[in-house]
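# Inside the fold
Listed below are the residues making up each chain.
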Amino acid sequence: MLGLLLRDVEHSASEALPSALSLIERRSLIASADATTLDAWSARLTALLSPPGTTPEVRVAAAMLLRETVRQCAEPAFARHRESWCAALLHLLQPPNASSAGANAPDTAAAGTRLAAVEALMQMVEATSTWPAERREMTGVLTRLTSTLTAMLGEPASQRGAACALFSLCLTAPHSLRAHRDKLSERLPAIALEAPQPT
């Protein structure tokens, strides 16, 4: 079942992703998967997160599927795959190459991919809040995440998503923000005040 869902997502990410996420959540497909199935699923997801040979839409879909995977998986499965998941997601957090797009064309696809990776990493941070050993293993990842989110506040295409993630970290891992206190104090209030009014 999981393999078929990934095949559909890879073929048509925008159309297949909503139903795939709904099915995985409704049937708890990750929570009920055996180790062999989950290992194969993880390996394929990690491959789809890799830029060579995949489109931005597929990478966003893979990150969202990984977020749901983290939400459902138990600590032993998380520990087994943490390193490969973090490596793939942190790679997606790298800023886009300015020379790869026109000077006047904002790279919204790259921003979407980075924000999807942020969401998956945030789910990992949340999951480890109750797993002390894994929380310690995530320390370096959390440091890189907060540094990247702080930098993303200066990027129009991603600053609101980055601000939302940072506000969440204020609740889940406030200690991770201390090194960026001055920059956050300067940038976050302005972004919050400029947010559009709800309709």
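Calculation criteria
- Numbers given to residues run from 1 along each chain, matching the order in which its sequence is written.
- Only residues with pLDDT of 70 or above have their local features reported here, since the model is predicted, and side-chain atom pairs are shown and tallied only from 80 upward, although totals for entire chains, interfaces and linings are computed over all residues.
- Excluded from the side-chain calculation are hydrogens and water; included are all heavy atoms of the structure.
- Helix and strand definitions follow DSSP, with helices as H or I runs of at least four residues and strands as E runs of at least two, each counted in order from the N terminus.
- Each radius of gyration reported is based on C-alpha atoms, and the globular scaling rule is 2.2 Å times the count of residues to the power 0.38.
- We define a salt bridge as a side-chain nitrogen of Lys or Arg found within 4 Å of a carboxyl oxygen belonging to Asp or Glu.
- Any residue under 20% of the maximum accessible area for its type is buried, any over 50% is exposed, and the rest in between are partly exposed; the area is computed with a 1.4 Å probe on protein chains only.
- Note on contacts: a residue pair qualifies if any of its non-hydrogen atoms lie within 4.5 Å across the two residues.
- Per-residue confidence from the predictor is reported as pLDDT, a score between 0 and 100.
- What makes a nonpolar core is a set of buried Ala, Val, Leu, Ile, Met, Phe, Trp, Tyr and Cys residues whose side-chain atoms join them at distances within 4.5 Å.
- Throughout, an axis means a line fitted to C-alpha atoms (over the contacting stretch in the case of helices), and angles, computed between N-to-C directions, take values from 0 to 180 degrees.
- When describing relative orientation, an angle under 35 degrees is termed roughly parallel and one over 145 degrees roughly antiparallel, while 65 to 115 degrees is termed roughly perpendicular and anything else oblique.
- Under the scheme applied here, ten amino acids are nonpolar (Ala, Val, Leu, Ile, Met, Phe, Trp, Tyr, Cys and Pro), four are charged (Asp, Glu, Lys and Arg), and all others, including Gly, are polar.

This next bit is on the overall build of the protein chain. Within the protein chain, the secondary structure is distributed over ten helices and zero strands. Start at the N end of the protein chain and walk to the C end: the helices and strands fall as α-α-α-α-α-α-α-α-α-α. Its C-alpha atoms give the protein chain a radius of gyration of 17 Å, within 12% of the compact-globule value 16 Å for 199 residues. The principal-axis extent of the C-alpha atoms belonging to the protein chain is close to 50 × 40 × 35 Å.

Attention now moves to the pattern of salt bridges. Counting across every chain of the model gives six salt bridges. Salt-bridge contacts for Glu119 lead to Arg67; the nearest nitrogen and oxygen are separated by 2.3 Å. On the criterion of sequence distance, the pair formed by Glu119 in helix α6 (residues 108–127) and Arg67 in helix α4 (residues 56–72) is long-range, its members being 52 residues apart. By relative accessible area, which is 38% here, Glu119 ends up partly exposed. Glu68 is paired through a salt bridge with Arg71; the nearest N and O atoms lie 2.7 Å apart. On the criterion of helical spacing, the pair formed by Glu68 and Arg71 is a turn pair, its members being three residues apart in helix α4.

For the rest of this paragraph, the subject is the side chain of Thr113. With respect to the helices and strands, Thr113 occurs in helix α6. By relative accessible area, which is 6% here, Thr113 ends up buried. Not counting residues within four places of it along the chain, the set of residues in contact with Thr113 comprises Pro56, Arg59, Val60 and Leu92.

Time to look at the confidence of the model for the protein chain. When pLDDT is averaged along the protein chain, the result is 90, and 93% of the positions lie at 70 or above. Considering only residues more than four positions removed or in separate chains, one finds that residues 98–106, a stretch of pLDDT under 50, has zero contacts.

Grouped together as the largest cluster of nonpolar side chains are 63 residues, with contacts concentrated most on Trp41, Leu65, Leu89, Met124, Leu145, Leu149 and Leu169. Excluding residues that lie within four positions of it along the chain, Leu169 makes contacts with Met122, Val125, Leu142, Thr146, Leu149, Pro174, Ser176 and Leu177.

With that settled, the discussion passes to the packing of α4 against α6. Packing of α4 against α6 brings their axes to within 9 Å, and their N-to-C directions diverge by 10°. Our classification of the angle between α4 and α6 gives roughly parallel. Side by side, α4 and α6 meet where Pro56, Arg59, Val60, Ala63, Arg67, Val70 and Arg71 of the first sit next to Ala109, Gly112, Thr113, Ala116, Ala117, Glu119, Ala120, Gln123, Met124 and Ala127 of the second. Looking at the contact of α4 with α6, its residues break down into ten nonpolar, three polar and four charged.

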